Amino acid sequence: MKQIATVLILIFSAHLLHAQDRILKGIVNSQEENTGIPGVNVVLKGTSIGTTTDANGAYQLSVGTKGGTLVFSSIGFQNKEVTIGNQSKIDVVLVTDTKILSEVIVTGYGTQAQKTITGSIASVSGKAIENIPAPSSDQLLQGRAAGVQVSANSGTPGGGMMVRVRGTTSINGSSDPLYVVDGIPIQSGSLSAIGLGGSTTNPIADINPADIASMEILKDASATAIYGARAANGVVLITTKRGANKKAKISFGTYIGTQNLWRKPAVVDGTTFETLINEASVNNGQTAPYANPAGTINTDWREPVFQNGLLRNHDLSITGGTDKIQYLVSVNNFFQEAVIKGSDFKRTSGRVNLDFTPINKVKVGTSVLFSRNFRNRVRNDDNISGALEGSFFLPPNLPFYQTNGSYTKFGTFESPLAAVEHNDITMSTNRFLANVYAQYDIIPGLSLRSSFSLDYSNIQEDLYDDTFLNNGAAVNGSARSVNTRDDNWVQENVLTFQRSFGNHSINALVGTSVQESVFSRTSATGQQFPSNDFRRIISAAVQTGTSEGSSWGIASLFGRFVYDYKNKYLATVNIRRDGSSRFGVANRWGTFPSVAVGWLLSEESFMKSVSAINVLKLRASYGFTGNQSGITNFQSLGLWGGNLNDLGDVSGSSAYVNLPGTAPVQLANPNLKWETTEQTNVGLDLGLLKNRLKITADYYVKNTRDLLLAVPVPRTSGFNTLVQNYGSVQNSGVELGINADVLRGGADKLDWNVNFNIATNKNRLTKLAAPFTVYNRDIYRYQEGYSMYSFYFHEQTGVNRETGAPIFTDVDGDGKFDANVDRKIVGNANPDFFGGITNTLSYKGFDLMFFFQYSYGNMQLHWNRFFQEHGGTRNTNFMTSQLDRWQKPGDETMIPKMTAENYSGNLRPSRFLEDGSYMRLKNLSIGYSLPATLLSKIKLSSARVYVSGQNVLTFTKYTGLDPELTGTAATNLTQGIEFYTMPQPRVYMAGINVSF
């Protein structure tokens, strides 16, 4: 205690001494951007007295009583010296140094100049994604960062996205990255409780994209290890805009647009349908059922389902501040209709970001978001009760209505007309995302920051199936109501030290973090309603209810040390130690270290004569990260459950038949621990021709071990499986990013910038307890030596030209084809390479941006064809691909003769696997900014009008509705499949942005 007291007295004494000094303060701005520069070194020349600027470019420094000269230096800018004299406030403007890279990149718990970064980090600026009509920020990453694969699970507004940073690392667990918004690790998984097929909702859509200043994607272990047990899938840092020491600026932006289908379901009309059914019947030795196909009706079941959807958005923000307080206040209203009737997404949000310096050396602030979202949802995406599915399935020789005025029903399939006209499924979300912090600058270069964050969601879901729908008709009306609460809090303390000593520069931090997540859900159901006018469960004759709750916590210690010698030799060491409540007592704590080195060859004397090379940096990193998402909160414990009538016969014992009782439901595993990913990365950063050409290249290998899998155990245990750490997977790949200023014309001449990225990722399962198959009719197989998302089919090589029978590979080589054994892995959904290319041009106020996103070499399963290319074995409608069938000897085709044996239900022909490669003109924008002379007359600081399009053109051989669709979303084990999934829309819109 005496030693601690002595240290405190010394610190306090030092503080008193500094209090007698002169206090200088000011703002350091960039000449090019006219914004504050964070991380600028401010040093009293000839001394070790100094500090650094904060995130807004502000600084304050005790300089003694004699004055002197201040030296301002920052990587990427030319040094500047200012004589203090009798000044108390010194604002400076730094000029960009074109010899080196100048970007400042947000990293975990801080910022760093791009030149000195030793890890692999991709950055997407807010300017690059502004005015793009996307409800969620993760969608804006698509094609804009090398190694980051982003695809839509469906075109549902506000729906889930698949985001993979350097491949898929887990089987049972999530492979989505960790999202951190203004330092808050947020809840990013779907919280919807009402399943409507494969569709999921996207909590990232709660955040207004217009508030985003930048997004950084941390990819290698050096960048991600600071987040430890949750960083194996990469980390996405979202930084929102903040105020600055400037006069108040009011900005308003709005756009409105329309959206439609790029391609409609390819199904036949009534006449063709009856003709095909007749042909199949005759081929099967039966009588043709339709006497006059030419005279039948032709009902287009697509007509009542699809629409031209409305899209609109309004943003209003106010930013400004003084040297004491800086603020940003913004509000947003967003609305998007789907291309399928009855589905839409509405968001109303408000944000306040505040930074306040009440006294010298103390800074406090907050970031607060309140978002209220409302979704009208429809059954879709792997759901035969949906409108989209009905538009495929229902025969076109049936009318919309029966003679008595009722909807036409067809077996178990819902009438598409009824599905959209009587849909009543809603979801409303209130989300509060807030962070408060206090920072104390103990001495120059040493600061302590303490913060408390809250991520709270309250979700209300309601469903009512009336008596016009199949689900409601069977029970005289059916309803369900669910309330979900998800409450996450995080408390962190970070001590940061930054100082330069001659040729040496260090940046170090240590910190603690504690997080708790509490989840609760209450659900009620009702059936047998008096009429469709009564939709609340209290009116139901039969009512049931249930509730559940759970929680988890994690405590962490972390640190980072960054060393820079002569701006040439760089080193970074990260370490984090996490303790999680989810894991067994034997492995409660895990340690995740990383180390990285860099060498700036361009700063060596032997490179100075190479004028074409401005920056040449070599990087290498190695480290470990974890993943704890693959298990439930209490997976390591032996659990007992009550009310087995609801739980099911999980233990193998009989239920207690309406009497209370308990039974074991889960075996204990005290050795359970997190999945661990070991990653090696080597990279190169190159700047050429005064940095008009910038190149970044990386090669990585990720080995994930201790996969959390349900491993078979002896039945004598009373259970079939036990979740254990068993299995491994490897991802490896190459990434390349190129940014080129093709033309630098300035304000009155043509500017042209090209940004290109491409990446490969090879995925391979290196250890499994046993092969297993998943999903609808076991069409995916997971097996050692093969990649995840491997398709397991009967390999069809053709159709016999004489008989019309399909030709399948005899896998076991016994001389005959047996559908039960002759299946094999015939491809996978992983692309050979993927990426994007953006062109940005400007000339005298006009601007043009066009962005292409692409994927090559991936197989796409057009699973709709299995059910619609059925050869007459069903009475549902046909896809137009059936028209390419074999009809006579000599025909060359992949579609067999229409007989029952050629379309047997136990066949899984590989012809349904198609080349899913595509290139899509994802975004196109043309704008005009009003000239300054006109702006001054109308009292505006800026004004721009524009027209824009999204998904404008698509180039692909794939025959389905959308080559981007990635899976059913209900399981992480599927990818590259279209199964009656709502496609992404094609959007056209116009907008205006003005500032006062």
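About the cut-offs
- The written sequence of each chain sets the order in which its residues are numbered from 1.
- Local features in a predicted model are, by the rule used here, given only for residues with pLDDT of at least 70; side-chain atom pairs are given and counted only at 80 or more, and totals for whole chains, interfaces and linings are based on all residues.
- Heavy atoms from the whole structure form the basis of all side-chain values; hydrogens and water molecules are not counted.
- In this description a helix means any DSSP run of H or I spanning at least four residues, a strand means any run of E spanning at least two, and both kinds are numbered starting from the N terminus.
- Our radius of gyration looks at C-alpha atoms and nothing else; its globule reference is 2.2 Å times the residue count to the power 0.38.
- Under the scheme applied here, a residue whose accessible area is under 20% of the maximum for its type counts as buried, over 50% as exposed, and between as partly exposed, the area being computed with a 1.4 Å probe on protein chains only.
- The contact definition used throughout considers only heavy atoms, calling two residues in contact when any of these lie within 4.5 Å.
- Computed by Shrake-Rupley with a 1.4 Å probe, the accessible areas treat only the displayed protein chains as cover when residues are assessed.
- Strand pairing is assigned whenever DSSP identifies at least 2 bridges connecting the two strands.
- Think of each axis as a best-fit line through the C-alpha atoms, taken over the contacting stretch in the case of a helix, with angles from 0 to 180 degrees between the N-to-C directions.
- Whenever a nitrogen or oxygen atom comes within 3.5 Å of another N or O atom, the pair is scored as a polar contact, on the condition that within protein one atom can donate a hydrogen and the other can accept it, and that pairs from neighbouring residues in sequence are kept only if both atoms are in side chains.
- To qualify as a nonpolar core, a set must consist of buried Ala, Val, Leu, Ile, Met, Phe, Trp, Tyr and Cys residues joined through side-chain atoms within 4.5 Å.

A. How the structure looks around the overall build of the protein chain. Secondary structure summary: the protein chain contains 10 helices and 52 strands in total. Its C-alpha atoms give the protein chain a radius of gyration of 31 Å, near enough to 30 Å, the size a compact globule of 996 residues would have. For the C-alpha atoms alone, the extent of the protein chain along its principal axes is close to 110 × 70 × 65 Å. Counting the 996 residues in the protein chain, one finds 54% classified as buried. Contacts in the protein chain between residues far apart in sequence, at least 24 positions, make up 70% of those at least 6 positions apart. In the form shown here, the protein chain has an accessible surface area of approximately 40600 Å², with 57% of it arising from carbon and sulfur atoms.

B. Structural detail: the sheet that holds strand S1 (residues 23-30). Strands sit in the order S4-S1-S7 across an open sheet of three strands; the sheet is mixed. Of all the strands in the sheet, the pair left with one neighbour each is strand S4 (58-62) and strand S7 (92-94). Going across the sheet, the axis of each strand differs from the next one's by a mean of 30°, ignoring polarity. Across five bridges, S1 lies against S4 in antiparallel orientation. The residue bridging Ile27 from the neighbouring strand is Ala58, located in S4.

C. Inspection of the side chain of Ser391 at higher detail. If you trace the backbone, Ser391 turns up in helix H5 (residues 387-393). Given the relative accessible area of 1%, Ser391 is considered buried. Within the structure, the side chain of Ser391 is placed 2.6 Å from the backbone oxygen of Leu388, a separation counted as a polar contact. Aside from chain neighbours lying at most four places away, what touches Ser391 is Pro265, Val267, Trp301, Arg302, Val305, Phe306 and Pro416.

D. Highlighting the sheet that holds strand S41 (residues 790-793). The sheet built from four strands is open, its strands ordered S39-S40-S41-S44 with antiparallel pairing. Here the strands that pair on one side only, and so sit at the sheet edges, are strand S39 (772-774) and strand S44 (824-828). Ignoring which end each strand starts from, the neighbouring axes of this sheet average 45° apart. Two elements, S39 and strand S40 (residues 780-782), share three bridges in a ladder whose sense is antiparallel. Paired with Thr773 across the bridge in S40 is Arg781.

E. Representation of the nonpolar core in the model. Residues Ile171, Ile779, Tyr780, Tyr782, Leu861, Trp863 and Ile977 are the most contacted members of the largest nonpolar core, which totals 48 residues. Of all the secondary-structure elements, those providing two or more residues to this core are H5, helix H6 (416-421), strand S34 (708-712), S40, S41 and helix H9 (864-868). For this core, the element with the most residues is H5, which contributes four residues. Listed in part, the 27 residues of the second largest apolar core include Ile129, Val148, Ala152 and Ile238.

Read these as geometric descriptors, not functional statements.
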